[in-house]
Protein chains: 4
Amino acid sequence: MSNPKTRPGKAAPSKPAGRGRAARAVTAEAPEPAVPKTAPSKAPANRAERAAERRAAIVEAALDEFISRGFTATRIDDIAKRAGVAKGTIYLHFKDKESMFEELIRTALVPMINRLHAPPPIGGSVRDMIEGFAQNFIREVATTRRGDIVRLIVAEGPRFPAVADFYYREVVSRGLAGMRALIELGIARGEIRQKDLARFPQIMVAPALIAVIWQSLFSRHAPLDAIEMFRVHLDLIFGERRTA
Amino acid sequence: MSNPKTRPGKAAPSKPAGRGRAARAVTAEAPEPAVPKTAPSKAPANRAERAAERRAAIVEAALDEFISRGFTATRIDDIAKRAGVAKGTIYLHFKDKESMFEELIRTALVPMINRLHAPPPIGGSVRDMIEGFAQNFIREVATTRRGDIVRLIVAEGPRFPAVADFYYREVVSRGLAGMRALIELGIARGEIRQKDLARFPQIMVAPALIAVIWQSLFSRHAPLDAIEMFRVHLDLIFGERRTA
Amino acid sequence: MSNPKTRPGKAAPSKPAGRGRAARAVTAEAPEPAVPKTAPSKAPANRAERAAERRAAIVEAALDEFISRGFTATRIDDIAKRAGVAKGTIYLHFKDKESMFEELIRTALVPMINRLHAPPPIGGSVRDMIEGFAQNFIREVATTRRGDIVRLIVAEGPRFPAVADFYYREVVSRGLAGMRALIELGIARGEIRQKDLARFPQIMVAPALIAVIWQSLFSRHAPLDAIEMFRVHLDLIFGERRTA
Amino acid sequence: MSNPKTRPGKAAPSKPAGRGRAARAVTAEAPEPAVPKTAPSKAPANRAERAAERRAAIVEAALDEFISRGFTATRIDDIAKRAGVAKGTIYLHFKDKESMFEELIRTALVPMINRLHAPPPIGGSVRDMIEGFAQNFIREVATTRRGDIVRLIVAEGPRFPAVADFYYREVVSRGLAGMRALIELGIARGEIRQKDLARFPQIMVAPALIAVIWQSLFSRHAPLDAIEMFRVHLDLIFGERRTA
DNA sequence: TATGAATGAGACTTCATTCAT
DNA sequence: CATGAATGAAGTCTCATTCAT
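An account of the accompanying structure is given in this report. Keep in mind the model is a prediction, meaning the values are calculated, not measured.

**Examining the pattern of salt bridges**
All names here are of chain A. Scanning the entire structure with this criterion turns up 84 salt bridges over all chains. Put simply, Arg-82 and Asp-64 hold a salt bridge, and the shortest N to O gap is 3.6 Å. Of this pair, Arg-82 sits in helix H2 (residues 76–83) while Asp-64 sits in helix H1 (residues 47–69), placing them 18 residues apart in sequence. Arg-82 sits in the buried class, given a relative accessible area of 8%.

Next up, the structure:
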């Protein structure tokens with residue numbers, strides 16, 4: 001139950017010297033401890049483009065840091081280093097750490113939101129639609145950094161009501177509404193027998209969220225085949241399928 | 001989309017952001033802004049008892065603070081105030097903030113662990129056993145501070161591998177093992193038809209975890225009847241029940 | 001006893017003091033919160049004229065800012081905004097903030113210096129001359145921004161010896177010398193009986209300086225009729241006058 | 001018109017290196033550039049006494065720094081060094097730089113206020129009373145650090161309305177009221193002929209204030225015998241005195 | 001010439017930790 | 001054992017100055 005302390009890059013002092021703030025956080029696994037993004041791959045083109053690139057780099061870096069350390073433990077300085085810009089530059093793009101965080105989350109959620117707006121993959125059965133959707137979600141969210149963002153929201157939500165509100169409004173309530181519609185369609189078509197399911201669309205997505213959290217916390221202890229799990233879950237709802 | 005609150009106990013600041021460490025955290029809802037727990041209810045008895053009481057107060061206070069602010073944003077000072085002890089006293093009981101956090105989590109999980117060890121309520125059907133267990137869980141975890149601890153682990157786990165490890169070893173793997181056993185029992189008894197469920201006991205508990213998270217983040221937007229949700233979930237697994 | 005104002009132009013901060021440079025200054029009353037002087041009144045004519053105009057705008061803006069905030073608390077950025085130019089432009093005209101300050105003060109004092117050089121209003125009595133001069137001074141200095149410059153010198157002088165030196169050399173010593181000459185003339189003519197006054201011409205101008213300071217600090221608590229005050233002062237020196 | 005730049009203790013860089021904030025202030029003459037007050041003269045006695053001593057040292061140091069640099073240009077760090085305490089210690093005694101400044105000024109004015117409350121030296125003539133008072137003032141204010149505080153208020157007053165208000169209320173208005181009473185007494189006794197003087201007690205004190213300012217700004221160019229000046233001034237008001 | 005994005009030193013303030021009482 | 005004053009490292013944010021466009 002002991003693990004590497006102090007931030008990477010600091011020679012580990014066996015005793016935190018005099019006083020000063022010692023235990024900042026444990027920082028078990030920062031993706032990569034602030035790799036300066038030197039060596040721009042391409043010619044930077046004109047001014048506006050440069051600015052956009054810079055901003056993108058900051059956003060990228062900030063997300064990485066926030067994800068791996070949480071809001072409070074993330075240092076602007078590290079974001080800057082990782083983005084390859086000076087500290088002050090960050091303040092040209094964001095008012096302060098807090099608004100940066102909120103804006104980042106909002107921005108990062110946009111793709112998810114768009115996906116929810118996108119016309120559902122109207123295909124054959126409702127099950128196929130949901131399964132397709134879920135596979136997508138698991139592949140593109142649970143396994144990727146987007147999943148970490150979900151976990152970040154779970155982690156920081158209570159301290160950032162604005163973030164939690166936004167997430168609820170834009171992602172959760174919409175996603176559940178869409179899911180409810182699909183469930184009702186499934187019931188109407190006779191694919192789903194359990195009528196009460198429409199009252200709790202959360203049940204449908206629960207395993208997907210579990211997968212997201214599992215990924216972050218336990219995947220190194222025990223990998224989880226999220227897609228297969230979801231399939232089993234769908235079997236519960238739609239009845240067992242093909243012999244597959 | 002902005003709701004940053006000041007720390008409780010700080011008179012609304014007349015000053016602009018200024019400098020110094022600004023964005024500490026947003027702290028939307030501290031349970032109670034550090035109410036010193038003076039006035040011990042009983043006569044303190046002897047020395048050792050006093051110490052134990054003190055320690056308990058610290059643990060209690062620290063958990064509250066960690067839950068509502070997260071690890072980094074929690075101040076030892078606030079824990080001390082809330083516990084009604086001096087700052088230095090905390091260091092008589094814990095080596096530092098970090099080990100305090102880890103030890104706290106471990107301690108707080110003990111009741112859950114004990115529950116997992118306890119002989120399952122062998123009663124009638126497997127469904128009744130699971131439903132009883134789940135009701136218990138939802139009532140005593142999802143709705144209470146213990147649920148917040150689960151969320152706290154989700155939030156800080158990646159930065160505290162020791163915590164995540166401990167949680168996996170002592171709670172998750174055991175809980176899932178127990179659940180798997182129950183599922184297999186259900187399959188053997190013919191209560192559960194879907195045999196693959198035993199491969200993913202996570203599915204069984206997923207809605208309970210969803211409930212925990214929902215509680216923290218969205219309950220003020222939309223309350224969730226977790227017990228009813230879980231019942232519907234069980235209906236999926238065991239088939240619809242009585243007309244109740 | 002607290003009236004700290006935020007800087008003009010900054011939306012009232014929802015955040016507590018936090019960190020970062022906090023207490024920059026209180027800035028109780030910035031003349032006008034940096035109104036960009038866009039919309040040049042006339043066609044700019046040729047290049048050199050444009051440059052001169054720009055420089056004048058910068059000087060004007062800088063004086064206003066320095067007066068209302070003092071040297072250290074004044075930001076180049078605000079000067080630029082107020083002058084309607086880009087920050088970099090200021091560095092085309094001035095080496096740095098410090099030399100800008102010194103040069104500004106020097107420039108701003110030139111009119112006063114010229115007035116001191118100007119042939120004294122040789123009129124009838126010495127009293128009339130001094131009274132005329134004083135009325136001029138009070139009307140054109142005490143009540144206007146030039147008075148603020150005097151206060152600025154008092155404020156920053158100790159930190160800008162060059163400024164204080166210049167002010168002493170060009171304004172104070174000359175002014176006092178002129179005043180002494182007038183006093184001696186008055187003594188010679190029998191208008192002034194108190195011969196020792198020539199040793200302390202400061203006495204003659206003291207009320208005028210008081211008026212300048214009063215203007216800046218206390219006029220909103222209690223207005224001061226500086227001209228009348230000066231007249232009473234002259235009555236002390238020259239004896240009471242007409243019934244007027 | 002050039003003078004030593006950079007802060008004392010910093011090797012003077014002929015060019016301020018890369019960028020960074022260069023021109024902080026000129027700081028022509030810091031009394032002594034932060035001499036750590038090591039070596040406490042006496043045994044520090046008990047805890048409370050120590051705290052009082054510390055606080056006094058901070059107050060002392062802060063006043064010195066504020067006086068020689070002004071509010072904004074003063075660094076908490078320098079105050080700490082000069083007081084011989086750690087930076088953080090200052091925040092145990094004062095909320096922030098700004099309230100420290102305001103409180104300091106208030107505290108520093110208390111002796112002056114007390115003097116104003118003290119029963120006036122009722123002696124022989126009104127002139128003697130005023131002369132006694134003025135000599136006191138000049139000796140104990142104009143020539144000492146208290147005079148610098150007056151100048152500090154003149155310098156920072158416009159940006160610290162609270163300070164200016166306090167100064168007006170507690171010192172200026174009271175002082176002028178007392179002076180007016182004395183003048184009226186002088187008029188009643190026939191010592192002062194010029195009745196209008198009571199309308200402008202400022203005239204009476206003007207030379208004293210001039211002396212204060214002269215001290216700070218010009219005394220090294222031309223020393224000023226403030227006491228003699230004030231005597232001449234009184235001669236104007238009361239008529240010439242003894243042949244002395 | 002003029003611009004304003006970028007820089008990074010530095011200021012203020014916080015807070016984990018220590019230790020004399 | 002308990003306290004809480006003191007410390008000083010560290011974090012956030014500012015702003016004078018530069019320089020590519």
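Structure's up, so let's keep going.
**A short note on the relation of the copies chain B and chain A**
Screw-axis analysis of chain B against chain A gives a translation of 0.1 Å along the axis, an RMSD of 0.2 Å, and a rotation angle of 179 degrees. Taken together, these values place the two copies in the relation of a two-fold axis. For chain B, the residue whose C-alpha comes nearest the rotation axis is Ala155(B), separated from it by 2.0 Å. Of all interface residues in chain B, 96% are interface residues in chain A too; the two copies therefore contact each other through one and the same surface.

**Comments concerning the interface of chain B and chain A**
Of the residues lining the interface, 70 residues belong to chain B; the matching set on chain A comes to 69 residues. Taken together, the two surfaces of chain B and chain A that pack against each other cover about 6,200 Å², and 69% of this comes from carbon and sulfur. There are 4 salt bridges connecting chain B and chain A. For Arg220(A), the salt bridge goes to Asp165(B), with nearest N and O atoms at 3.3 Å. Connecting chain B to chain A are 14 residue pairs in polar contact (both at pLDDT 80 or more).

**Notes on the side chain of Asp78(D)**
Note that Asp78(D) resides in helix H2 (residues 76–83). The exposure class assigned to Asp78(D) is buried, which follows from its relative accessible area of 7%.

**Side note on H2(A)**
Residue and element names in this part refer to chain A. In terms of residue burial, H2 counts as a mostly covered element, since 6 of its 8 residues are buried. Among the residues of H2, those classed as buried are Ile-76, Asp-78, Ile-79, Ala-80, Arg-82 and Ala-83. Of the surrounding elements, those touching the buried residues of H2 are H1, helix H3 (87–93) and helix H4 (97–117). Among the residues trailing H2, Gly-84 stands out with phi positive, at a value near 75 degrees.

Definitions and cut-offs
- Residues numbered from 1 in each chain as written.
- Chains lettered and ligands numbered in written order.
- Predicted model: local features only at pLDDT ≥ 70, side-chain atom pairs only at ≥ 80, totals over all residues.
- Heavy atoms only, no water.
- Salt bridge = Lys/Arg side-chain N within 4 Å of Asp/Glu carboxyl O.
- Helix = DSSP H or I, 4+ residues; strand = E, 2+ residues; numbered from the N terminus.
- Buried < 20%, exposed > 50% of the residue type's maximum accessible area, 1.4 Å probe, protein only.
- Least-squares fit on C-alpha atoms with pLDDT ≥ 70 in both.
- Contact = heavy atoms within 4.5 Å.
- Buried area = accessible area lost by both parts, 1.4 Å probe.
- Polar contact = N/O pair within 3.5 Å; in protein donor to acceptor, adjacent residues only side chain to side chain.

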